[in-house]
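Coordinate analysis (summary)
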Amino acid sequence: MARTILPFGPQHPVLPEPLHLKLTIEDEIVVEALPTLGYVHRGLEKLCEVRDFNQMVQIVERVCGICSCLHALCYCEGIEQIMGVEVPRRAKYLRTIWGELHRVHSHLLWLGLFADAFGFESLFMQFWRVRERIMDIMEATCGNRVVVSVNVVGGVRRDLSPEQCQWIEQQLIISEKEIRQLQTTILNDYTVKKRCCGKGVLTKEQAYQLGAVGPMLRGSGWAQDARQTGYAAFGELGFEPIVEYDGDSYARCAVRFRETLQSFDIVRLAIARMPAGETAANVEGANEDDTPRIISGNRGGIMQSYNRDKHHSITAAPPPDLDIPAGSLAAKVKGKPDGEAVTRVEQPRGELMYYLKGVGSKNMDRVRIRTPTFANIPPLLAILPGCELADVPVIVLSIDPCISCTER
Amino acid sequence: MLGNLINQGRIKSPWVVHFDCGSCNGCDIEVLACLTPIYDIERFGILNIGNPKHADVLLVTGTVNHRNKHVLKNIYDQMPGPKAVIAIGACGCSGGVFREAYNVVGGVDKVIPVDVYVPGCPARPEAIIDGVVAALEKVKTLLGMTA
Amino acid sequence: MLETIPLSLDEVVAVAKEHFDGGWRLVTMTAVDVGEAGFEIFYHYDKDLVMKHYRLSIPKETVVPSISPVYFAALLVENESRDQFGICFSDIVLDFGGHLYLEAEVRAMPFCKVSVAQKQS
Ligand code: SF4
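Residues numbered from 1 in each chain as written. Chains lettered and ligands numbered in written order. Predicted model: local features only at pLDDT ≥ 70, side-chain atom pairs only at ≥ 80, totals over all residues. Heavy atoms only, no water.

Structural notes on the overall build of chain A
Along chain A, the regular secondary structure elements total 14 helices and ten strands. Here chain A, with 408 residues, has 68% of them falling under the buried criterion. Residue pairs in contact within chain A that sit at least 24 positions apart in sequence constitute 72% of those at least 6 positions apart. Approximately 13300 Å² of chain A is accessible, and the part contributed by carbon and sulfur atoms is 49%. (Helix = DSSP H or I, 4+ residues; strand = E, 2+ residues; numbered from the N terminus. Buried < 20%, exposed > 50% of the residue type's maximum accessible area, 1.4 Å probe, protein only. Contact = heavy atoms within 4.5 Å. Areas by Shrake-Rupley, 256 points an atom, 1.4 Å probe, with all protein chains shown as cover.)

Examining the sheet that holds strand β9 (residues 350–359) of chain A
Residues and elements named next belong to chain A. Across the sheet, three strands lie side by side as β8-β9-β10; this open sheet has antiparallel pairing. Looking at the sheet topology across the chains shown, the edges are occupied by β8 (338–347) and β10 (364–370). Neighbour-to-neighbour, the strand axes of the sheet open up by a mean angle of 10°, direction not taken into account. For β9 and β10, the ladder comprises six bridges, and the chain directions are antiparallel. Among the inter-strand pairings, M353 is bridged to a residue of β10, identified as R370. (Pairing = 2+ DSSP bridges. Axes fitted to C-alpha atoms, helices over the stretch in contact; angles between N-to-C directions.)

Focus: the sheet that holds strand β3 (residues 57–61) of chain B
All names here are of chain B. The strand order across the open sheet formed by five strands is β2-β1-β3-β5-β7, and the pairing between neighbours is parallel. Of all strands in the sheet, those bounded by a partner on one side alone are β2 (47–48) and β7 (116–118). Here strand β1 (residues 15–20) pairs with β3 via five bridges, running parallel. For H18, the partnering residue across the bridge sits in β3 and is L59. Strands in contact with helix α5 (residues 125–142) are β1, β3, β5 (84–88) and β7; relative to β5, the strand with the most contacts, it is inclined by about 155°.

Re the UniProt feature "domain: NADH:ubiquinone oxidoreductase-like 20kDa subunit" (unreviewed entry) in chain B
The UniProt feature table records "domain: NADH:ubiquinone oxidoreductase-like 20kDa subunit" (unreviewed entry) at residues 24–134 of chain B. Structurally, residues 24–134 of chain B comprises 33% helix and 18% strand, and the distance from its first C-alpha atom to its last is 25 Å. (UniProt positions renumbered as here; feature names shortened; annotations may be inferred.)

What to know about the UniProt feature "binding site: Mg(2+)" (unreviewed entry) in chain A
Residues and elements named next belong to chain A. Summarizing the sequence annotation, UniProt attributes the feature "binding site: Mg(2+)" (unreviewed entry) to E45 and I369 in the numbering used throughout. The named residues occupy 325 residues along the chain; their greatest pairwise C-alpha distance, 7.5 Å, places them in one compact cluster. Structurally, E45 is set in the loop between β3 (29–36) and α1 (56–61). Since its relative accessible area comes to 3%, E45 is described here as buried. Among the structural elements, I369 can be located in strand β10. Here I369 falls in the buried class, since its relative accessible area comes to 0%. Contacts of I369, omitting those with residues within four sequence positions, involve L44, E45, V60, V63, H71, L352, M353, Y354 and R408.

Thoughts on a nonpolar patch on the surface
A cluster of nonpolar side chains, contributed by L2(B), L5(B) and I6(B), occupies part of the molecular surface with about 330 Å² of accessible area. Checked against the element boundaries, I6(B) lands in helix α1 (residues 2–12). (Patch = residues over 30% accessible without salt bridge, like charges linked within 9 Å, V, L, I, M, F, W, Y side chains within 5 Å. Salt bridge = Lys/Arg side-chain N within 4 Å of Asp/Glu carboxyl O.)

With respect to the site of the ligand
Around the ligand, the neighbouring residues are R62(A), S23(B), C24(B), G26(B), C27(B), G89(B), A90(B), C91(B), F98(B), G120(B), C121(B) and P122(B). Around the ligand the close residues trace back to chains A and B. Elements that contribute at least two residues to the shell around the ligand include exactly α2 (26–35) and α4 (89–94) of chain B. For the shell around the ligand, the element with the most residues is α4(B), which contributes three residues. Of the residues in the shell around the ligand, the class split is seven nonpolar, four polar and one charged. (Near = heavy atom within 4 Å. Nonpolar A, V, L, I, M, F, W, Y, C, P; charged D, E, K, R; others polar.)

Considering the side chain of S263(A)
Residue and element names in this part refer to chain A. Here S263 is to be found in helix α10 (residues 249–273). In terms of polar contacts, S263 uses its side chain to reach the side chain of E100, at 2.8 Å. Not counting residues within four places of it along the chain, the set of residues in contact with S263 comprises E100, R103, V104 and R227. (Polar contact = N/O pair within 3.5 Å; in protein donor to acceptor, adjacent residues only side chain to side chain.)

A short note on unusual backbone geometry
Residue and element names in this part refer to chain B. Looking along the chain, the bond that leaves C121 and enters P122 is cis, with omega of -5°. Its place among the elements puts P122 in the loop between β7 and α5. Of note, N25 is a non-glycine position whose phi angle comes to about 85°, a positive value. Locating N25 in the fold gives a position in the loop between β1 and α2. Note on N25: relative accessible area 1%, which makes it buried. One non-glycine residue, D40, adopts positive backbone phi at about 45°.

Some details on the pairing of β3(A)
All names here are of chain A. Note: strand β2 (residues 20–26) against β3, seven bridges, orientation antiparallel. Within β3, the position partnered with E26 by the bridge is I29. The antiparallel pairing of β2 with β3 creates a hairpin that spans two residues between the two strands, and D27 there sits at a positive phi of about 50°.

Some thoughts on the interface of chain B and chain A
Opposite the 44 residues of chain B that make contact, chain A presents 47 residues. For the pairing of chain B and chain A, the buried interface totals around 4000 Å² over both sides, and the portion due to carbon and sulfur atoms is 62%. Among the residues chain B hides against chain A, the three largest losses belong to I29(B), I38(B) and R124(B). Together they make up 16% of the total. Across the contact surface, chain B and chain A share two salt bridges. Taking the shortest distance from any N to any O, the salt bridge between E139(A) and R124(B) comes out at 2.8 Å. (Buried area = accessible area lost by both parts, 1.4 Å probe.)

What to know about the packing of helix α2 (residues 68–83) of chain A against helix α3 (residues 89–117) of chain A
All names here are of chain A. Orientation of α2 relative to α3, taken along the N-to-C sense of each, is 145°, at an axis distance of 8 Å. Of α3, the residues touching α2 (which contributes S68, C69, L70, L73, C76, E77 and E80) are R95, W98, G99 and H102. Partitioning the contact of α2 with α3 into residue classes produces five nonpolar, three polar and three charged.

Let's talk about the side chain of E77(A)
Residue and element names in this part refer to chain A. In this structure, E77 sits in helix α2. Here E77 is buried and forms no salt bridge, its nearest opposite-charge partner R95 lying at an N-O distance of 4.1 Å. Setting aside its immediate chain neighbours within four residues, E77 contacts R95, Y231, A232 and T343. (Lys, Arg positive; Asp, Glu negative; His and termini not counted.)

Focus on the confidence of the model for chain A
Residue and element names in this part refer to chain A. On average, residues of chain A score 75 in pLDDT, and 83% of them reach the 70 mark or higher. Of all helices and strands in chain A, the one with the weakest mean pLDDT is helix α11 (residues 308–311) (40), whereas α10 scores best (86). Ignoring residues within four places in sequence, the model shows residues 284–331, a span with pLDDT below 50, making 98 contacts including any to other chains. (pLDDT = per-residue confidence, 0-100.)

Things to note about helix α1 (residues 12–21) of chain C
Within an α-helix, residues lying three or four positions from one another point in the same direction, as the helix has 3.6 residues per turn. All names here are of chain C. Among all positions of α1, only V12, V15, A16 and H19 are buried. Seen end-on, α1 carries its buried residues on one side only, within an arc spanning 100°. Turned more than 90 degrees from where α1 packs its buried face, E18 and D21 sit exposed. On its buried face, α1 sits against β1 (5–7), β3 (39–47), β4 (50–58) and β5 (63–65). (Arc of directions from axis to C-beta.)

Pasting the structure below:
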């Protein structure tokens, strides 16, 4: 039978990112898929040799803009482990809150893109409209929409005032309501089910053996989530992973949808239980005077005259005052990282692992980042053969590929 | 007469194509956010399309590396003139935080001519929209439409 | 501090098999340049959220047997180490030959502290 080789990507309308797949097809059926990576490879692990360990936080945040907060969190936890820094309890809760908000925005982003992949453009718009609320929360509490830069070694840079917490809770209630309205479409619609059910099935054994992580793994029936290891405040908050059993694109979609709602609950719980107190342990080292700085205010968009509320169906309360007094309460920690550590956190796309090695100088010796998509590409290569060409975009998207993570 | 009309249309409704070089996704999702209800660039007639052959404006996010520079050049060459290129984010302008990394060539202007630079890490959606509007001025000059 | 189990070159595949059969998941591998002494390669395995780390120390220019026939998931990371450190692995199921990420222009094995010329293999 005639075989055709079809290049898919790197610049492709359905792909948000430059992944290149060489698909060998036989009568519209994919028989082999070979990836070509490297379109986003920057080599930033190497930058640890020119930046000191505090500045590396800003670099690792830019491994991936979508889950920047969790990269920084994982990195900081590693350094803290090496240096034996005890993070203030309040800072742990704040990390959890921002981390989970990141998960919400990332999942909403993905749900939108996924809807777009099977041609539901208006659903895409709806999800992104809800997502803007989360982005507003980020901007109001951190000063930037995407790369929030709240984590520093030893704690967090910013605090949440009680009014801000209240405002966040209000926003969450509205967003949750809006998301629930979309539930029937994304999970129960006939066409959606036709496009996703039974497509790209990853069996339970395969998922484990191929090293799948995150919603990929949980969509195939494994209850494994790095949040169970109790990083940040999860040790105190407790956590139950969400599991689906079918292992197809639909199951992965359902996992992500339910996780979005679960993250809302975690944020609420964390806000409710958050203890009062200091937010950052002072780490001495490269920058002697690196006290946590509080940057106040909105960065001032160019078109400030946009009236946000006009576009939301329900009028939101205005963001509370952004000037938080710099509460630089600090337990001093001296020294430079010397030793090795492995840390894991759960990113929206799955488990993220950092290996850090310091040799007692201000630069790290080695920073190794194993990102979730990196682990999810082998399973993708295993599920693509045998599917129809028209399903390729849906299946590729269903792993939530983040190529800039993969290649760093 | 007809040419005039087409040119008018081009200015009023520029089509953009977005290409992600080595960006961290921060800028990408802000470009996408421009399309969605809060920012909604379609109300200015700006339309995002996948095919460079139909596009007037190229939006590039992220740094250029040794592998994707060929792709970038290729996409640029496929676009019909008059065209404008916008580099988005600190990365697209100069290489940003990754400037010193070994696989990074630098900003977009190392490979293709850039008309508008939109700074920010990530650049805000408002700034990106502003950048597109600024790029249209250049297209206007190319078309000889400035009085 | 990181607890690691030392590993020797000829145990690599056997240990991988053992873990595969025992229901462990390969999290990843990490290569570290330790200067004169060569490289260290870590094999990180995970089962029920417990991690186990094996440390393999090798001099430079050693050919390491690939575990990708056992764990398919190892193929990307082995190719990556090849790219970045020039560590050669024998029998990777999908060998990119040092061009997973890098184009021919960057051929200096960026992660090595003292870079050696790439051997034609
Ligand atoms: S400018 Fe910043 S946000 Fe944009 S791609 Fe570069 S690192 Fe990411």
